[in-house]
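Working through the structure, step by step
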Amino acid sequence: MEYIRAAKGEPEGCIFCELPRLGDDAEARILAREGRAFAVLNAFPYNPGHLMVAPFRHVGELEEVTTEELADVDRLLQRAVVALKQEMEPHGFNLGMNLGRVAGAGIPDHVHWHVVPRWSGDTNFMPVIGETKVVPELLEETYRRLAPRFAERAR
């Protein structure tokens, strides 16, 4: 319901700008920082382990992202896949981004990439009949499991 209520109006502020400034990565659910970018758990995940990677700089157009920012984003996307494979053993991944509100971007003014782990049979009747998605793991538990994997990869 929090997601549905938030979708009614334009978001105040930018979570991709605000979260890194909180000072407590665990509270913000930031899994890793890499130069000019960071990885954070999605507060409204499609599946357990659904995370996002974004540049620190507030930028809404893909063509305005610098090559240095893209390199840091790419390193984090790679680290995300490795961490998720090690900890959650998914059968595949969806990696991508939505550019513009009509394309599905919930926060269109700050580019970000989604990393969604997938498992065979991870969809069921709930999204079709119940118009809802059941995520069987709390965000806090997902963070507790994945954060050490990101730390391993950074070494």
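Residues numbered from 1 in each chain as written. Predicted model: local features only at pLDDT ≥ 70, side-chain atom pairs only at ≥ 80, totals over all residues. Heavy atoms only, no water.

1. What about the pattern of salt bridges?
So the rule is basically this: The rule for a salt bridge is simple: a side-chain nitrogen of Lys or Arg has to be within 4 Å of a carboxyl oxygen of Asp or Glu. Helical segments are the DSSP runs of H or I of at least four residues, strand segments are the runs of E of at least two, and each set is numbered from the N terminus. Only protein chains enter the accessibility calculation, which uses a 1.4 Å probe; a residue is then buried when its area is under 20% of its type maximum, exposed when over 50%, and partly exposed in between.
According to the stated counting rule, one finds eleven salt bridges in the structure shown. Ionic pairing is found between Glu141 and Arg144, a salt bridge with its closest N-O pair at 2.5 Å. Of this pair, Glu141 and Arg144 both sit in helix α6 (residues 139-154), three residues apart, which is roughly one turn of that helix. For Glu141, a relative accessible area of 29% corresponds to the partly exposed category. One network of salt bridges, in which partners are shared, links Glu34, Arg36, Asp72, Arg75 and Arg79.

2. Side note on the packing of aromatic side chains
Going by this rule: Any two of the Phe, Tyr and Trp rings considered here, Trp counted by its six-membered ring, make a pair once their centres fall within 6.5 Å; the pair's planes then place it as stacked at under 30 degrees, edge-to-face at over 60, or tilted in between.
Within the structure shown, the criterion is met by two aromatic pairs. Ring geometry for Phe38 versus Phe56: centroids 5.1 Å apart, planes at 20°, classification stacked. Of this pair, Phe38 sits in strand β2 (residues 37-41) while Phe56 sits in the loop between β3 (51-55) and α4 (67-88), and the two are 18 residues apart along the sequence. Take Phe56: its relative accessible area is 26%, and that puts it in the partly exposed class.

3. Examining the sheet that holds β2
Quick note on the threshold: Any two strands between which DSSP finds at least two bridges are classified as paired. With axes taken as lines fitted to C-alpha atoms, and helix axes fitted only over the stretch in contact, angles between N-to-C directions fall between 0 and 180 degrees.
Pairing in this open sheet of five strands is antiparallel, and the strands run β1-β2-β3-β5-β4 from one edge to the other. Every other strand in the sheet has two partners, leaving β1 (30-34) and β4 (92-96) as the edge strands with one partner each. Sheet twist, expressed as the average angle between the axes of neighbouring strands with direction ignored, equals 15°.

4. Quick notes on α4
Inclusion rule: A helix is expected to reach a length of 1.5 Å times the quantity of its residues less one.
Compared with an ideal rise of 1.5 Å per residue, which puts 22 residues at 32 Å, α4 spans 31 Å between its outermost C-alpha atoms and is within 8% of the ideal. Positive backbone phi, at 50°, marks Glu89, one or two positions downstream of α4.

5. Details of the confidence of the model for the protein chain
It should be kept in mind that the predicted coordinates are not to be read in detail where pLDDT is low. We apply this condition: How sure the predictor is of each residue is captured by pLDDT, a score from 0 to 100.
Per-residue confidence for the protein chain gives a mean pLDDT of 86; residues scoring 70 or more make up 82%. No element of the protein chain has a lower mean pLDDT than helix α5 (residues 125-130), which averages 46, and none a higher one than β2, which averages 98.

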